[in-house]
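Per-entry structural report
Chain by chain, the residues run as shown.
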Amino acid sequence: RTLTANYSMVGNASIAGSTCFTFSANNVELNCNSKWVVGNDTTATRGIRSLNFNQNKVVNCFVRDFNRGIELSNSNKSIIQNNTVFSNYDGVFVAFQSFNATLFKNTLRQNTNYGITIVASHGANVSSNLAEVNGVTGIEINRAMNTLIAFNNVSRNNYEGILVFNNSNNTNVSYNTLANNTNYGIYLTSSSNNNLSSNIVNSNNYGIYLSSSSNNIFSSNTANLNNQFGIYLFSSFNNNLSSNIVN
């Protein structure tokens, strides 16, 4: 279905081998009203997609069994809020200069790859989401600057809880809870001038791991009961650590 005006679902939607909803105008809201958007696990399909249109909104959707559950591509100032996105390959995928996206109060669960991915899209606000039991990473920030990652609950992902890498500078990672991720709670690599503060990072393999990154601030984090190290710095310089609790 092509969306050119606000659309409110009254029943479930399913599709095989294709994308279910595509935005084709600016300033359009899709409200699923807690209905299902269901695919059949076909490559290159999307449950909901905005490509080259701005200020669109996706709310109250249950999305499953697509290659990407919800995708923003070159779509600025769009909002993804209060959705449950699970059992896709990627959960929510924001990429290719989709600036100033807001991802708020979504549940990302049991996606094969990532729960949330932000790629080359600056200024995103990723807040108050639940990202758990995803196959690789809960929340990934890749080549995206000025991102806020705050008040998220990120647990039991199969590699990292939060991954910030590849020149994702000026990222603020604050007030998140990360627990029982198989390898890293927070993994920050090849990125600088980031702020990690007031996170609770307990019972991972590594709590917070910093690699090849400089001029970052770590303050008031709690990293307890991690198997290897609470906070570990490797080949990183001019970082400021203060008031962290590590047991």
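For the structure itself, consult the block above.
Per chain, residues are indexed from 1 in the order of the written sequence. Where local features are concerned, this predicted model is filtered to residues with pLDDT of at least 70; where side-chain atom pairs are given and counted, the filter is 80 or more; whole-chain, interface and lining totals use all residues. To obtain the side-chain values, all non-hydrogen atoms of the structure were included, while hydrogens and water were left out.

**Focus: the packing of aromatic side chains**
Heads up, the rule is: Aromatic pairing here means that ring centres of Phe, Tyr or Trp (its six-membered ring) are within 6.5 Å. Orientation follows from the plane angle: under 30 degrees is stacked, over 60 is edge-to-face, and everything else is tilted. Helix numbering and strand numbering both begin at the N terminus, where a helix is a DSSP run of H or I of at least 4 residues and a strand a DSSP run of E of at least 2. Throughout this description, buried means an accessible area under 20% of the type-specific maximum (1.4 Å probe, protein chains only), exposed means over 50%, and partly exposed covers the range between.
The full count for this structure, using the stated rule, is 15 aromatic pairs. Taking 5.9 Å as the distance between ring centres and 70° as the angle between the ring planes, the aromatic pair formed by Y159 and Y184 counts as edge-to-face. Of this pair, Y159 sits in the loop between β19 (153-155) and β20 (160-165) while Y184 sits in strand β23 (residues 184-189), and the two are 25 residues apart along the sequence. Its relative accessible area of 36% is what places Y159 among the partly exposed residues. With centroids separated by 5.2 Å and ring planes inclined at 90°, the aromatic side chains of Y187 and Y209 adopt a geometry described as edge-to-face. Of this pair, Y187 sits in strand β23 while Y209 sits in strand β26 (residues 206-211), and the two are 22 residues apart along the sequence. Assessed through its relative accessible area of 17%, Y187 is described here as buried. Residue classification places Y209 among the buried positions, given a relative accessible area of 11%.

**Regarding the sheet that holds strand β11 (residues 90-95)**
Heads up, the condition is: The pairing criterion for strands is at least two bridges between them, as found by DSSP.
Ordered in space as β1-β4-β6-β8-β11-β14-β17-β20-β23-β26-β29, the 11 strands form an open sheet in which the pairing is parallel. One side of each edge strand has no neighbouring strand; the edge strands of this open sheet are β1 (2-3) and β29 (231-234). Note that β20 and β23 share five bridges and pair parallel. The residue bridging I162 from the neighbouring strand is I186, located in β23.

**Description of the state of the cysteines**
Quick note on the threshold: Any pair of cysteine sulfurs within 2.5 Å is marked as a disulfide.
Scanning the entire structure with this criterion turns up one disulfide. The partner cysteine of C32 in its disulfide is C61, sulfur to sulfur 2.0 Å. On the sign convention where negative means left-handed, the S-S torsion of about 75° between C32 and C61 marks this disulfide as right-handed. Separated by 29 residues along the polypeptide, C32 in strand β5 (residues 29-38) and C61 in strand β7 (residues 57-64) bring together distant segments of the chain. Judged on exposure class, the residue C32 and its partner C61 are both buried. Lacking any disulfide linkage, C20 is separated from the closest cysteine sulfur, that of C32, by 8.6 Å.

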